[in-house]
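# Chain and residue survey
Spelled out from the first residue to the last, the chains are:
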Amino acid sequence: MLTIDLNIIGKRIRQARLNKKFTQQDLADRCGFTKSLLSKIENGQTASAVATLSKIADNLETPLSWFLEENEQQNLTLLPSNNRTQKIGNKEMGYMYERLANRSRFSKIEPVLVTVPPDSEGIDPYTHSEEEFIFILSGAINLWYDGESHLLKEGDSAYFNGSMPHIFKPVSDQEAKVLTVFIEPSD
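Our subject in this report is the structure included herewith.

## Let's talk about the overall build of the protein chain
The helix and strand inventory of the protein chain stands at 5 helices and 9 strands. Secondary structure of the protein chain in N-to-C order comes out as α-α-α-α-α-β-β-β-β-β-β-β-β-β. Per-residue burial for the protein chain yields a buried fraction of 37% across its 187 residues. Across the protein chain, contacts joining residues at least 24 apart in sequence account for 63% of those joining residues at least 6 apart. If you sum the accessible surface of the protein chain, you get close to 11,000 Å²; carbon and sulfur atoms cover 49% of it.

## Some details on the sheet that holds strand E8 (residues 166-170)
Consider a sheet: its strands pair through backbone hydrogen bonds, and that pairing is either parallel or antiparallel. Pairing is antiparallel across the open sheet formed by 3 strands, whose spatial order is E6-E5-E8. The outermost strands of the open sheet, each flanked by one partner alone, are strand E6 (148-153) and E8. Taken pair by pair, the neighbouring strands of this sheet meet at an average axis angle of 25 degrees, ignoring direction. The pairing of strand E5 (residues 140-145) with E8 spans 5 bridges and is classified as antiparallel. Looking across to E8, one finds that isoleucine 141 is bridged to proline 170.

## Quick notes on empty space enclosed by the protein
Scanning the model with the defined rule gives 1 cavity of 30 Å³ or more in all. The calculated volume of the largest cavity comes to roughly 30 Å³. Considering the residues around the largest cavity, the lining is formed by Leu6, Ile9, Ile41, Thr46, Ala47, Ser48 and Leu53. Per-class residue counts for the lining of the largest cavity are 5 nonpolar, 2 polar and no charged.

Parameters and conventions
- Residues numbered from 1 in each chain as written.
- Predicted model: local features only at pLDDT ≥ 70, side-chain atom pairs only at ≥ 80, totals over all residues.
- Heavy atoms only, no water.
- Helix = DSSP H or I, 4+ residues; strand = E, 2+ residues; numbered from the N terminus.
- Buried < 20%, exposed > 50% of the residue type's maximum accessible area, 1.4 Å probe, protein only.
- Contact = heavy atoms within 4.5 Å.
- Areas by Shrake-Rupley, 256 points an atom, 1.4 Å probe, with all protein chains shown as cover.
- Pairing = 2+ DSSP bridges.
- Axes fitted to C-alpha atoms, helices over the stretch in contact; angles between N-to-C directions.
- 1 Å grid on protein atoms, 1.4 Å probe; cavity = no way out; pocket = protein on both sides within 12 Å on 5 of 7 lines; lining within 4 Å.
- Points joined across faces, edges and corners; volume = space filled by probe spheres on them.
- Nonpolar A, V, L, I, M, F, W, Y, C, P; charged D, E, K, R; others polar.

Listed below in structure tokens is the structure:
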């Protein structure tokens, strides 16, 4: 039988609430229960029915499963290279991505290793809501950004708004490795 520490659930609820910039009263009102009950839940003083936790999760736009995961998130997350997930993507997609950290659900950054294969020419630019920092670890790329091409070689970096059309294009017959950090903009 799975048992979850009430303190862990409470900490996760508090973290999600603060991330949304809700006071306890704001969240309690949205959920239709008292601030006192929410305070007791956040402080690990009372067990809650799944329906109660589900209301909280819905109002915080957070999966219920995140509150109920067995492992507590730590301030330090180590991810040995042999434990990283397989690369996501393929040359038809234009890139291969490899997550470099098991980040918190509420972290505003996500570091990834992007591999740009030498034969990924026919891919269209794309946009996303995050800001992006890149550092060329090996090889070279043409960063197509808002209709302009910028040659970046090993050791070069760039920081840009992801909402403008952009894409990494290979420069030669060698793949390039790019450390990419996606940064969620502040509200």
